[in-house]
Amino acid sequence: MWRVLSVDQRIAEPSAQQSSVAMRREGFGALAYDYDNRRLTFQRPKRSATTPLVERLKRGLDAPICLTWELTYACNLSCVHCLSSSGRRDPNELTTTEAKAVIDELRALQVFYINIGGGEPMIRRDFFDIVSYSVDNGIGVKFSTNGTYLTSDAAARLTAMDYLDIQISIDGVDATTNDAVRGSGSYDTARRAMDHLAVAGFGPFKISVVVTRQNVDQLDEFKALADSYGAQLRVTRLRPSGRGADSWHELHPTNVQQHQIYRWLLAHSGPQSTNPVLTGDSFFHLNALGEPLPGLNMCGAGRVVCLIDPLGDVYACPFVIHDEFKAGSVRGPGGFAAVWRESELFRELREPQSAGACASCGSYDACQGGCMAAKFFTGLPLDGPDPECVHGDGELQLAGIGAGSAPRPAADHSRPVTFIKR
Ligand SMILES: C[S@@+](CC[C@H](N)C(=O)[O-])C[C@H]1O[C@@H](n2cnc3c(N)ncnc32)[C@H](O)[C@@H]1O
Ligand code: SF4
Ligand code: SF4
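Undergrad: An account of the overall build of the chain is requested, with residue identities and associated values reported.
TA: Per the secondary structure count, the chain includes 15 helices and twelve strands. For a compact globule of 422 residues, the expected C-alpha radius of gyration is about 22 Å, and the chain comes in at 21 Å, within 12% of that figure. Referenced to the eigenvectors of the C-alpha coordinate spread, the extents of the chain come out at roughly 60 × 60 × 45 Å. Per-residue burial over the chain gives 45% buried out of 422 residues. The contacts of the chain with a sequence gap of at least 6 include a subset with a gap of at least 24, amounting to 66%.

Have a look at this one:
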């Protein structure tokens, strides 16, 4: 059992906490988030426990559990798979004052934590100001970085803060594999940032890896690297979003590798594992192979999570930055809360979805037809199989999609490529 603690109590006495659990009422009962072990618990009265929790969550929550917030489109790297096509800062990005007003709103909604990304979030001059403001207001922060600006001074500063998780991204266990995706020198930079966190005594940071055809055989080595730092490994499914739309066909794991990933995750992410691997619940399409992977196995877009982009536009999830999935703007009347509660798009996503071509598949309950973003940006219908369907149905459908006919990502902040004449 947890001690019930309101968000306001947490704010009033941050250092004298007996418990670091925040609780929020929801239509089905309550949600409790433990800031010490980062665990989310669902509490339901017995009478409503007859509906499976997943079905209840599909109808949406009063507020997101967490949300991704991309602070800027500026980035010093140009990764070939970048889901937000980052590079150049957009002149219309939220100001510090606007960002703090969003945090005030999230506090009022009792959002438990935010996942800060970008672009490279540490590039913003007000990065520490925004992070501190969030944490001081009782909203935990998890941020993802390529490590460039994570100096020894920054590591010491971050170590002094509470309710903060840091993810450092690498996409290969060696410079050759990693730099082919993230650019020359990026592996050494990321490792240096990890070393700074270790020296500063930050504790268990996370190493974040997007699983690709080229690094899938390195999963054991990624885990060993994380263990060597006392860190936690987090693996994510590659989506064909942003610049990933152009690189996905070469980078995404093959069907045989999907089986390999599933077996590896089953062995390393369950409660039986010491230091289990985290997945951000992104591999639920693999549940079609049998025993479900641990986690919330459903698409949470617009139901339990969403994205705020650097301009304050709200999208259903970080992987669908496209007008079709734009729900509104935090700059609009009623701010973020109005978008979450009233947007037409989010209402539709919370309605029962059609299984379409997947209806006759015996694995539908387990896999739910896979990821909306993966289907959308490969040009597949949303009510049909995922392009990486483990039974091969998506691959068959992909073969019928004409070159150049898949939707293009909305915003592109990539830096212009300079061609050198030889
Ligand atoms: C968009 S980045 C922003 C934060 C920071 N610049 C970084 O690289 O960590 C956040 C995370 O998304 C991952 N990512 C980028 N493109 C992706 C894609 N197409 N599919 C899945 N994850 C992706 C990155 O590797 C990184 O771990
Ligand atoms: S994924 Fe790469 S290009 Fe995209 S924001 Fe992160 S470091 Fe920059
Ligand atoms: S056919 Fe559809 S439901 Fe069945 S495994 Fe493939 S994506 Fe999942």
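Past the structure itself, the notes keep going.
Undergrad: Residues and numbers for the sheet that holds strand 2 (residues 29-34), please.
TA: Overall, antiparallel pairing links the three strands, which are arranged 1-2-3 in an open sheet. Edge positions in the sheet fall to strand 1 (21-26) and strand 3 (39-43), since each has one partner strand and no second. Each adjacent strand pair in this sheet contributes to an overall mean axis angle of 20°, direction not counted. Where strand 2 meets strand 3, five bridges bridge the pair, whose relative direction is antiparallel. The partner of Y33 across the bridge, within strand 3, is L40.

Undergrad: Give a detailed account of the site of ligand 1, specifying residues and quantitative values.
TA: Within the structure, ligand 1 sits among 19 residues, and L83, G117, S144, S169 and G244 are positioned closest to it. Elements with a contribution of two residues or more to the shell around ligand 1: strand 6 (140-145) and strand 8 (206-211). Here the residues of the shell around ligand 1 are counted per class, giving five nonpolar, twelve polar and two charged.

Undergrad: How would you sum up the nonpolar core? Please name residues and give values.
TA: Nonpolar side chains in soluble globular proteins generally cluster together in the buried interior. I114, Y315, C317 and V320 are the most contacted members of the largest nonpolar core, which totals 109 residues. Looking at this core, the element that brings in the most residues is helix 7 (residues 186-200), giving five residues. Excluding its chain neighbours within four sequence positions, the residues that come into contact with V320 are A301, Y315, F325, M372, A373 and F376.

Undergrad: Can you tell me about the confidence of the model for the chain, naming the residues and giving the values?
TA: Any residue range with low pLDDT should be treated as having predicted coordinates unsuitable for detailed reading. Residues at a pLDDT of 70 or more form 94% of the chain, whose mean pLDDT is 91. For the stretch residues 1-18, pLDDT sits under 50, and the model shows 23 contacts to residues farther than four places along the chain or on other chains.

Undergrad: Quick rundown of helix 9 (residues 244-251)? Include the residues and the values.
TA: Along helix 9, the residues classified as buried are G244, A245, W248 and L251. Angular distribution of buried residues about the axis of helix 9 spans 120°; they occupy a single face of the element. Opposite the buried face of helix 9, by more than 90 degrees, sit the exposed residues H249 and E250.

Undergrad: Let's hear about the site of ligand 3: which residues, and what values?
TA: Surveying the vicinity of ligand 3 reveals 14 residues, the closest of which are C358, C361, C367, P385 and C389. Looking at the shell around ligand 3 residue by residue, the classes come out as eight nonpolar, four polar and two charged.

Undergrad: Explain helix 3 (residues 96-108) residue by residue, including any values.
TA: In this model helix 3 runs 19 Å from its N-terminal to its C-terminal C-alpha over 13 residues, within 8% of the 18 Å that 1.5 Å per residue would give. Every buried residue belonging to helix 3 is among A99, V102, I103 and L106, and all of these are buried. The buried residues of helix 3 occupy one face: seen down the axis, they fall within an arc of 100°. In this structure, the buried side of helix 3 is in contact with strand 5 (113-117), helix 4 (127-136), strand 10 (307-308) and helix 11 (335-342). At the C-terminal side of helix 3, Q110 shows a positive phi close to 60°.

Undergrad: Can you lay out the sheet that holds strand 6 for me, pointing to particular residues and giving the numbers?
TA: The strand order across the open sheet built from nine strands is 9-8-7-6-5-4-10-11-12, with neighbouring strands paired in mixed fashion. On the outer flanks of this sheet lie strand 9 (232-237) and strand 12 (326-329), each paired with one strand and no other. Alignment of strand 6 against strand 7 (residues 164-169), held across five bridges, turns out to be parallel. By the bridge assignment, V141 is partnered in strand 7 with L164.

Undergrad: Explain the packing of helix 5 (residues 152-159) against helix 7 to me, and be specific about the residues and the numbers.
TA: In the contact formed by helix 5 and helix 7, the axes pass within 9 Å of each other and the chain directions differ by 50°. As the angle between them shows, helix 5 and helix 7 are arranged oblique. As for the relative orientation of helix 5 and helix 7, their crossing is right-handed in sense. Contact residues: helix 5 offers S152, A155, A156 and T159, while helix 7 offers H196, L197, V199 and A200.

Undergrad: How would you explain unusual backbone geometry if you had to name every residue and give the values?
TA: Omega for the peptide link from G118 to G119 comes to 25°, which places this bond in the cis form. You can see G119 is positioned in the loop between strand 5 and helix 4. Positive phi is not limited to glycine here, since R38 has a value of about 60°. Relative to the assigned elements, R38 resides in the loop between strand 2 and strand 3.

Undergrad: Provide a residue-level description of the packing of helix 3 against helix 4, including the pertinent values.
TA: Taken N-terminus to C-terminus, the directions of helix 3 and helix 4 make an angle of 20°; their axes are 10 Å apart at the nearest point. On the basis of the axis angle, helix 3 is roughly parallel to helix 4. Crossing handedness for the pair helix 3 and helix 4: right-handed. The residues of helix 4 that touch helix 3, namely those facing T96, A99, K100 and I103, are D129, I130, Y133 and S134. In terms of residue class, the contact of helix 3 with helix 4 is built from four nonpolar, two polar and two charged.

Conventions we followed
- Residues numbered from 1 in each chain as written.
- Chains lettered and ligands numbered in written order.
- Predicted model: local features only at pLDDT ≥ 70, side-chain atom pairs only at ≥ 80, totals over all residues.
- Helix = DSSP H or I, 4+ residues; strand = E, 2+ residues; numbered from the N terminus.
- Rg over C-alpha atoms; globule rule 2.2 N^0.38 Å.
- Buried ≥ 20, exposed ≤ 12 C-beta atoms within 10 Å, placed from the backbone.
- Contact = placed C-beta atoms within 7 Å.
- Pairing = 2+ DSSP bridges.
- Axes fitted to C-alpha atoms, helices over the stretch in contact; angles between N-to-C directions.
- Near = placed C-beta within 6 Å.
- Nonpolar A, V, L, I, M, F, W, Y, C, P; charged D, E, K, R; others polar.
- Core = buried A, V, L, I, M, F, W, Y, C linked by C-beta atoms within 7 Å.
- pLDDT = per-residue confidence, 0-100.
- Arc of directions from axis to C-beta.
- Expected span 1.5 Å × (residues − 1).
- Parallel < 35°, antiparallel > 145°, perpendicular 65-115°, else oblique.
- Left-handed = near helix turned anticlockwise from the far one by under 90°.

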